[in-house]
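Chain and residue survey
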Amino acid sequence: MTIVGTSHGDRNNSCPAFGIPILACEDQALIELVGTLRDCNYHFATVTPLTQARVNARANNTWATDLAGVFGWSRSFRDCLLPPNIVELMRAAKVIAPHDGGGWRSLVRVSTIGTQLFVHSSYPTMDADSVFFGPDTLRFVDAIRRHLTGRTESPRRVVDIGCGAGPGGIVVAAEVPDADVMMLDINATAIRFAQINAAINGVAARVVQSNFLQSVNGRFDLIVSNPPYLIDGKGRTYRHGGGRFGEGLSLEILRQSMHRLSKGGTLLLYTGTAVVAGLDVFAAGCRDILEVGRLRWSYSEVDPDVFGEELETPAYADADRIAAVVLAVTNVDDR
């Protein structure tokens, strides 16, 4: 199978109207590559790592046969599969590498949420600075959209803590074009991808390398975050949540954010929690923190069972399950 692509030599990728800095040549090429995929009606819903491994392990999935195979499933591809213009853009973007068994492979994945496209790390995400994207991302975005739909006033100042590839901040910027949106991450690779994805999706969102909120000032009408929440034996930034069961980063984001909300401002935190002998570990930590201050909060379990394979690791030997949850905290004090 040969895929037909189109050229975008006249595409303006610097997005000066949105205040996005001029990008490096390879980043510009990556933006143009994703634009080409969009014009080819590209679509890929990124699955969990376990599902990806199982599907790719099938005998007929050794080699990619379409764009989703190359840029979604991260399969190797032969020389004849992609049109020359796509290969040229991959080379210019430095996202193509030879495969040990012959052929080539993409060094990035591209996932879709509706009409939006996002670049992130290729599978498997083994590097310490990998940028993850998956079903959690879709649930996070859905929580943001439901929150924005339910508000009488649009947020004016917004920050996405630990933005990763940037879907949270980018969705807010798309839904509320007049908002001042900042996307923060400690991971330089995440900052790069978030900036590229903002340009790809044509939104006004700034990116700042920051540990939590340390590099930004002031209060916010909306703080969103989808932090790592698992215990990772290798301590990889994109995956390791710290604490006893992975709740450490999420609790620290809560501690820092509750003092940075404007009156009526909300923290919307999507995360995961271990349930041990019926006790929700993250919820218990939240109650201890939220006892102080005039804050209204709600807590909902949106999926009772995620990353079940982690229960086979020593870190979760005592856990019943890992659940996906959404914490919403609103400041009702004007002090």
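Note that the structure is predicted; figures quoted are calculated from it, not measured. (Residues numbered from 1 in each chain as written. Predicted model: local features only at pLDDT ≥ 70, side-chain atom pairs only at ≥ 80, totals over all residues. Heavy atoms only, no water.)

Let's talk about the packing of aromatic side chains
Taken as a whole and judged by the stated rule, the model has 7 aromatic pairs. On the basis of an interplanar angle of 35° and a centroid distance of 5.6 Å, the ring pair of Phe118 and Phe133 is categorised as tilted. Of this pair, Phe118 sits in strand E4 (residues 116–121) while Phe133 sits in the loop between E4 and helix H5 (135–149), and the two are 15 residues apart along the sequence. The pair Phe118 / Phe133 is uniform in exposure class, with both members buried. Both rings, one in Phe132 and one in Tyr238, keep their centres 6.1 Å apart while their planes meet at 25°; by these two values the pair is stacked. Remark: Tyr238 occurs in the loop between strand E8 (220–225) and helix H8 (248–257) and Phe132 occurs in the loop between E4 and H5; sequence separation between them is 106 residues. (Phe/Tyr/Trp six-rings, centres within 6.5 Å; stacked < 30°, edge-to-face > 60°. Helix = DSSP H or I, 4+ residues; strand = E, 2+ residues; numbered from the N terminus. Buried < 20%, exposed > 50% of the residue type's maximum accessible area, 1.4 Å probe, protein only.)

Some thoughts on helix H6 (residues 167–175)
Of all the 9 residues making up H6, 7 are buried; the element is thus mostly covered by neighbouring parts of the structure. Looking only at H6, the buried set comprises Pro167, Gly168, Gly169, Ile170, Val171, Val172 and Ala173.

Brief notes about the nonpolar core
Counting residues in each nonpolar core, the largest one holds 78 residues, and the members touching the most others are Phe71, Leu82 and Met90. With 7 residues, the top contributor of residues to this core is helix H7 (residues 188–200). Beyond its immediate chain neighbours, meaning those up to four positions away, Phe71 contacts Leu33, Leu37, Tyr42, Ile86, Met90, Ser106, Val108, Arg109 and Val110. The next biggest cluster of nonpolar side chains, apart from the first, holds 25 residues, and it includes Met182, Leu267, Phe282 and Ile289. (Core = buried A, V, L, I, M, F, W, Y, C linked by side-chain atoms within 4.5 Å. Contact = heavy atoms within 4.5 Å.)

Honestly, it's all geometry; don't read function into it.
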